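Chain residues, written in single-letter form:
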Amino acid sequence: MQSLMELPGTTGIADLRQRAEDLTIWKISLQRGVLPEPEQVNWPVEPFKTKFIDALRALEMPRFTRRYPVVLETLMKQMLAMVHDFELKLLEAEAKQKQQQRPPPQQQAQPSQQGQQQDEPGDQDQEQQGEEGQEGGAEQSQELTQEMLEEALKDSMNQQGQQGQQGGKQIQIGLEEMEGKQAGKGDEQTNEEADEALAQEIEKAAEQIVSAFEQGMQEVMENLEKAQLAFDDLSEPLEGAAGFDDLSELLEGEEGFALSQGTWQRDGWRELDDLRKKLENLKELRELVRSLGRSGGKGPLRKAPEELESTRHPPGVVRSPLQPEEVRGLARSGDLSRMLPSEMALLAHGWPRKVKVPAAGQDAAAAAAAVGQAGGGVATASTEDAQLIEEEYFLPGAHAARMLHRVRRAERMLLSYERCGWLDDTPSRLTGRQEIRPAAEMGPIILCLDTSGSMRGARELVAKALALECMRGAHRQQRPCYLYAFSGPDQVQELELSVDLPSLEKLLEFLSCSFQGGTDVDKPLQLSLERLQKDEWAKADILMVTDGEIAPPNEKLLADIAAAHDELGLEVHGLLVSSQVSDSMEKLCTHLHVFKSWSAVGAESWMY
């Protein structure tokens, strides 16, 4: 509301109320993932409104504002700032136009001076006529007879002169009226030109402001799209309270997500998107990351985000009837083996009953005896054997009960016991709700990554892809992950792979840099062993990624690794991005893996 009040175009309570209503329409429409129609809102004014809507449509902004509320808040702030600049330029252009249309003071005083100059010749003529009349009367009194003809001649000449002066005045008035009409037409034409120039200036100002916004947001939206694809399994809970809600924290802050120095303007997003595409074909790396850590199984039960089975999503742990481990409660189903006794009674009521009756031609006594014998009783009427036959009959309402049971089974509405268990490694998505479930804590990961010069090329792509997968997998399975990027002696870069602003910025910087330097594995392994002494990292496994071109490790380091293996159960996994297995890696690692999917990174196995 304060921002609306500070806008230059807000001149009163009525304007403030109207703009607040229009701003609400903007927010509600974008929250729903649609753009408001230009007829629905009166603010901002044209041409800014139409151009801004077109820019949002080109950026596909509504689908981001629907999914990420923080993007909507930032967009509204940017919109108010842009409207403020536009209205300032609008007021400046209108003031400039009014100043140009106002005539200067000299032109206003000029018509009155011309009127005074036009009145002066008439007064002079009247004075001359009066003087001539007095002179004519004196001459008539003195020389009536001699100058009679001369006076008549003079009078006629004076009358002709006056008529000529009056005609000249009429011609002058007509010319002035024509000049006035032409001047009026010229003023109207000038006003139209001024209005057209003002409209063009406003159009240009709106175009400049909206174009600058669109250019600045184009890269941001592309990087946000790349992040959504790279962390697809983590982006669903943005609408809830768990999962990859760290993205909202990345979008917030003092810088915001749209400034040139923000996280969403970095160059590393291009490399991240390329690695994400390659990881789709690197199944062995994903399986390797899931095998790390020593908590084992599905983890202890605790309150955690709920997961539901969903195709084309990353693997997780879901509740499934395919793993009937326990009875959880009651549910509706179409399974006859799990339905309640009440449903079984309904089915039994519809079954036909059978009774033995005497054959045709037998008397009632024989029939009674037969029935008594069939029921285990004693026949009193006769001891002779009677011929009995079985006959079916139905209880009242049996047909309706049978049909009702069939309908409920077809609709999978039978009241049944819910027997299910936890099925892991199943494609699933997060719902944003909480439930008591296995936390899938499989232990922390410590990643030692060789960044020496010999790792350039396809090996570098594998190393960076593994770092990205460790970050994705660790966050999805809610376990910590730490990276040691090493090259020469004492050249170790430390990075915690968590989804927060500092870690993500460092990861993007790491993905955009090139590998160089020598190879020394002693320092990163020593730092890893020191980290294992902390309680939260005690169950971590170490994964070393290298090409195998390393010096033999010292004996003390090997002894420390063996001691950690005996005391803590430490396992050291080695991933060789090479076809040759070195003796040094065999001494260091308890599990050795050789990378084979070279075609997925655009290389051939014989090259390495």
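This structure is a prediction, so every number in the text was calculated from the model and none was measured.

Conventions and cut-offs
- Residues numbered from 1 in each chain as written.
- Predicted model: local features only at pLDDT ≥ 70, side-chain atom pairs only at ≥ 80, totals over all residues.
- Heavy atoms only, no water.
- Helix = DSSP H or I, 4+ residues; strand = E, 2+ residues; numbered from the N terminus.
- Buried < 20%, exposed > 50% of the residue type's maximum accessible area, 1.4 Å probe, protein only.
- Contact = heavy atoms within 4.5 Å.
- Areas by Shrake-Rupley, 256 points an atom, 1.4 Å probe, with all protein chains shown as cover.
- Polar contact = N/O pair within 3.5 Å; in protein donor to acceptor, adjacent residues only side chain to side chain.
- Phe/Tyr/Trp six-rings, centres within 6.5 Å; stacked < 30°, edge-to-face > 60°.
- Lys NZ or Arg CZ within 6 Å of the ring centre and 35° of its normal.
- pLDDT = per-residue confidence, 0-100.
- Axes fitted to C-alpha atoms, helices over the stretch in contact; angles between N-to-C directions.
- Parallel < 35°, antiparallel > 145°, perpendicular 65-115°, else oblique.
- Left-handed = near helix turned anticlockwise from the far one by under 90°.
- Nonpolar A, V, L, I, M, F, W, Y, C, P; charged D, E, K, R; others polar.
- Pairing = 2+ DSSP bridges.
- Patch = residues over 30% accessible without salt bridge, like charges linked within 9 Å, V, L, I, M, F, W, Y side chains within 5 Å.
- Salt bridge = Lys/Arg side-chain N within 4 Å of Asp/Glu carboxyl O.
- Disulfide = S-S within 2.5 Å.
- Lys, Arg positive; Asp, Glu negative; His and termini not counted.
- Charge placed at Lys NZ, Arg CZ, Asp CG, Glu CD.
- Expected span 1.5 Å × (residues − 1).
- Arc of directions from axis to C-beta.
- Right-handed = clockwise from strand over helix to strand, strands pointing away.
- Core = buried A, V, L, I, M, F, W, Y, C linked by side-chain atoms within 4.5 Å.

Caption draft 1: Here's a closer look at the overall build of the protein chain. Counting its secondary structure elements, the protein chain contains 19 helices and 12 strands. Across the 608 residues in the protein chain, those meeting the buried criterion constitute 39%. The long-range share in the protein chain, meaning contacts at least 24 apart out of those at least 6 apart in sequence, stands at 80%. Only carbon and sulfur atoms are counted for the fraction: they give 49% of the accessible area of the protein chain, which is about 34400 Å².

Caption draft 2: Spotlight on the environment of arginine 63. Checked against the element boundaries, arginine 63 lands in helix 4 (residues 61-67). Apart from the residues lying within four places of it in its own chain, the contact partners of arginine 63 are Glu225 and Gln228. Here glutamate 60 takes part through its side chain, which lies 2.9 Å from a polar atom of the side chain of arginine 63.

Caption draft 3: Region of interest: unusual backbone geometry. The omega torsion across tryptophan 43 and proline 44 is 0 degrees, close enough to zero to call that bond cis. Here the residue pair glutamate 46 and proline 47 is connected by a cis peptide bond, since its omega of 0 degrees sits within 30 degrees of zero. Residue placement: proline 47 occurs in the loop between helix 2 (13-31) and helix 3 (48-58). Positive phi, normally seen in glycine, also occurs at arginine 412, with a value near 55 degrees. Inspection of the secondary structure assignment puts arginine 412 in the loop between helix 14 (398-410) and strand 6 (414-438).

Caption draft 4: Region of the structure containing the packing of aromatic side chains. Throughout the structure, instances matching the rule amount to 7 aromatic pairs. An aromatic cluster is built from Trp26, Phe48, Phe52, Phe86 and Phe213, whose rings are joined through pairwise contacts. Looking at arginine 531, its charged tip hangs above the ring of tyrosine 482, at a distance of 3.7 Å from the centre. It is arginine 531 that lies over the ring of tryptophan 537; its NZ or CZ is 5.3 Å from the centre.

Caption draft 5: Quick peek at the confidence of the model for the protein chain. When pLDDT is averaged along the protein chain, the result is 76, and 72% of the positions lie at 70 or above. When the elements of the protein chain are averaged for pLDDT, helix 8 (residues 232-235) gives the smallest value, 47, and helix 3 the largest, 94. Within the model, the stretch residues 233-246 combines pLDDT values under 50 with 40 contacts to residues more than four positions away or in other chains. Within the model, pLDDT remains below 50 along residues 374-384, and this stretch shows 6 contacts once partners closer than five positions in the same chain are excluded.

Caption draft 6: Highlighting the packing of helix 15 (residues 458-476) against helix 16 (residues 501-512). Running from N to C, helix 15 and helix 16 point in directions that differ by 165 degrees, and their axes come no closer than 11 Å. Of the possible angle classes, the one that applies to helix 15 and helix 16 is roughly antiparallel. Both helix 15 and helix 16 take part in a crossing whose hand is left-handed. Facing helix 15, whose interface residues are Lys464, Ala467 and Met471, helix 16 presents Leu504, Leu507, Phe510 and Leu511. Across the contact of helix 15 with helix 16, the residue classes tally to 6 nonpolar, no polar and 1 charged.

Caption draft 7: Quick look at the sheet that holds strand 9 (residues 492-496). Ordered by their spatial adjacency, 6 strands build an open sheet running 9-8-7-10-11-12, and the pairing between neighbours is mixed. Unpaired on one side and paired on the other, strand 9 and strand 12 (591-594) mark the two borders of the sheet. Recorded for the sheet is a direction-independent mean angle of 15 degrees between the axes of neighbouring strands.

Caption draft 8: Geometry of the side chain of aspartate 522. Relative to the elements of secondary structure, aspartate 522 occurs in helix 17 (residues 522-532). Setting aside its immediate chain neighbours within four residues, aspartate 522 contacts Pro553, Asn554 and Leu557.

Caption draft 9: Expanded view of a nonpolar patch on the surface. On the surface, Val327, Leu330 and Tyr417 cluster together to form a nonpolar patch covering roughly 280 Å² of accessible area. By the element assignment, leucine 330 lies in strand 3 (residues 326-333).

Caption draft 10: Region of the structure containing the state of the cysteines. Considering all chains together, one arrives at 0 disulfides under this definition. The structure places no disulfide on cysteine 470, whose sulfur is separated from the nearest cysteine sulfur, that of cysteine 481, by 4.7 Å. Using a relative accessible area of 0% as the deciding quantity, one classes cysteine 470 as buried.

Caption draft 11: Molecular detail of helix 3. Taken as a whole, helix 3 has its buried residues at Phe48, Lys49, Lys51, Phe52, Ile53, Ala55 and Leu56. Immediately beyond the C-terminal end of helix 3, within one or two residues, lies glutamate 60, with a positive phi of roughly 55 degrees.

Caption draft 12: The arrangement of a negative patch on the surface in detail. A surface patch of negative charge is lined by Glu192, Glu193, Asp195 and Glu196. Relative to the assigned elements, glutamate 196 resides in helix 7 (residues 148-230).

Caption draft 13: Representation of the pattern of salt bridges in the model. Tallied over the full model, the rule gives 18 salt bridges. Its salt-bridge partner being glutamate 203, residue lysine 51 comes within 3.0 Å of it at the nearest N-O pair. On the criterion of sequence distance, the pair formed by lysine 51 in helix 3 and glutamate 203 in helix 7 is long-range, its members being 152 residues apart. For lysine 51, a relative accessible area of 18% gives the class buried. Note that lysine 277 and aspartate 273 form a salt bridge whose closest N and O atoms lie 3.6 Å from each other. Of this pair, lysine 277 and aspartate 273 both sit in helix 10 (residues 268-279), 4 residues apart, which is roughly one turn of the helix. With relative accessibility at 43%, the residue lysine 277 sits in the partly exposed group. A relative accessible area of 9% places aspartate 273 in the buried class. Salt bridges here are not isolated pairs; linked through shared partners, they connect Lys51, Glu203 and Glu207.

Caption draft 14: Examining helix 18 (residues 555-568) more closely. Its 14 residues place the ends of helix 18 20 Å apart at the C-alpha level, agreeing with the 20 Å of an ideal helix rising 1.5 Å per residue. Of the positions making up helix 18, those classed as buried are Leu557, Leu558, Ile561 and Ala564. Taken around the axis of helix 18, the buried residues stretch over an arc of 120 degrees, which confines them to a single face. Structural note: helix 18 exposes Glu555, Lys556, Asp566 and Glu567 on the side pointing more than 90 degrees away from its buried face. Contacts made by the buried residues of helix 18 are with helix 17, strand 11 (572-576) and helix 19 (583-588). One side-chain oxygen of the residue at the start of helix 18 lies 3.3 Å from the amide nitrogen of lysine 556, identifying that residue as asparagine 554.

Caption draft 15: Broad picture of the pairing of strand 12. The sheet contact formed by strand 11 and strand 12 spans 4 bridges and is parallel. What sits directly across from leucine 576, in strand 12, is valine 594. Each parallel crossover has a hand, and for strand 11 linked through helix 19 to strand 12 it is right-handed.

Caption draft 16: Inspection of the nonpolar core at higher detail. Phe48, Phe52, Leu285, Leu466 and Phe510 are the most contacted members of the largest nonpolar core, which totals 86 residues. Not counting the four nearest positions on each side in its chain, phenylalanine 510 is found in contact with Leu449, Thr451, Lys464, Ala467, Leu483, Ala485, Gln493 and Phe515.

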